[in-house]
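Coordinate analysis (summary)
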Amino acid sequence: MEVCRLEREISQAVIRRMPRYYRYLGELIDAGAERISSNDLSSRMNVTASQIRQDLNNFGGFGQQGYGYNVKYLYEEIGKILGLNEKHHMIIVGAGNLGQALANYVEFEKFGFAIIGLFDVEPDLKGHSVRGIRVYMMDELEAFIKAHSVDIAALTIPKSRADMIANRLVELGITAIWNFANVDLELADKEVVVENVHLSDSLMQLSYNIKKQVT
């Protein structure tokens, strides 16, 4: 119970940095590194060594004074913190270009995310498959979720339909939504975990930084 209380107090800023640590540590493992100091990790990630130590201390620290961090051990522990030691079944609602691009991204499986079905309203897509993952019609959604363990639903649909579809998914027992619909969802169940991905926001930030660089 104490662990759950602690995790709720950890800021989202810290949580957002954890996947970056995981990615950089994976690259260090591939390069054959066995240990690394917070200073060396700082220079790679453009995060201060003090910030790295503070972030990791939220979860127990993992380092040894005078030694630094064991790369493989820290990588595995951060993977556990992020839940990557578990298998997550995911469906994609919206089998258009973005939905199919997500289905084609094989890296998800390395992190334990298995896409087990795509759903759409376009009759011409029925029975098609993307990288071996079948496309179903929306009227098959309820039966599919009842027959399979589904943890996450990715929404790659027009924003005009996002709230309706998201609430339908929640009613069917989905507890986590990865939302690409470019709208902040209004869900009846506030306990559902939602991660919003606003691609246009990211592009506008890039535009701003380009403008700032040339002025």
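Our structure's up above, just so we're on the same page.
Summary of the structure given here. (Residues numbered from 1 in each chain as written. Predicted model: local features only at pLDDT ≥ 70, side-chain atom pairs only at ≥ 80, totals over all residues. Heavy atoms only, no water.)

Notes on the packing of helix 2 (residues 12–30) against helix 5 (residues 71–81)
- Close contact between helix 2 and helix 5 brings their axes to 9 Å; oriented N to C, the two are set at 145°. Taken as a pair, helix 2 and helix 5 cross one another with a handedness that is left-handed. When helix 2 is examined against helix 5, the residues Met18, Tyr21, Tyr22, Leu25, Gly26, Leu28 and Ile29 are found in contact with a partner set consisting of Val71, Lys72, Leu74, Tyr75, Ile78, Gly79 and Ile81. (Axes fitted to C-alpha atoms, helices over the stretch in contact; angles between N-to-C directions. Helix = DSSP H or I, 4+ residues; strand = E, 2+ residues; numbered from the N terminus. Left-handed = near helix turned anticlockwise from the far one by under 90°. Contact = heavy atoms within 4.5 Å.)

Observations concerning the packing of aromatic side chains
- This structure, assessed with the given rule, holds nine aromatic pairs.
- The interplanar angle of 15° and the centroid separation of 4.1 Å between the aromatic rings of Tyr22 and Tyr75 together place this pair among those described as stacked. Of this pair, Tyr22 sits in helix 2 while Tyr75 sits in helix 5; the two residues are 53 residues apart in sequence, bridging distant segments of the chain.
- Owing to a relative accessible area of 11%, Tyr22 belongs among the buried residues under this scheme.
- Geometrically, the ring pair formed by Phe108 and Trp178 is edge-to-face, given 5.6 Å between the ring centres and 80° between the ring planes. Pair noted here: Phe108 is in helix 7 (residues 107–110) and Trp178 is in strand 8 (residues 176–179), with a separation of 70 residues, a long-range link.
- Relative accessible area serves as the criterion here: at 14%, Phe108 is assigned to the buried category.
- By relative accessible area, which is 22% here, Trp178 ends up partly exposed.
- By the ring-pair criterion, three or more aromatic residues cluster together here, those being Tyr105, Phe108, Trp178 and Phe180. (Phe/Tyr/Trp six-rings, centres within 6.5 Å; stacked < 30°, edge-to-face > 60°. Buried < 20%, exposed > 50% of the residue type's maximum accessible area, 1.4 Å probe, protein only.)

Notes on the pairing of strand 4 (residues 113–120)
- Most of strand 4 sits out of view: six of its eight residues are buried.
- Two strands pair when backbone bridges link them, and strand 3 (residues 88–93) and strand 4 are joined in this way by six bridges, in the parallel orientation. When the sheet's bridge partners are listed, Val93 is paired in strand 4 with Phe119. (Pairing = 2+ DSSP bridges.)

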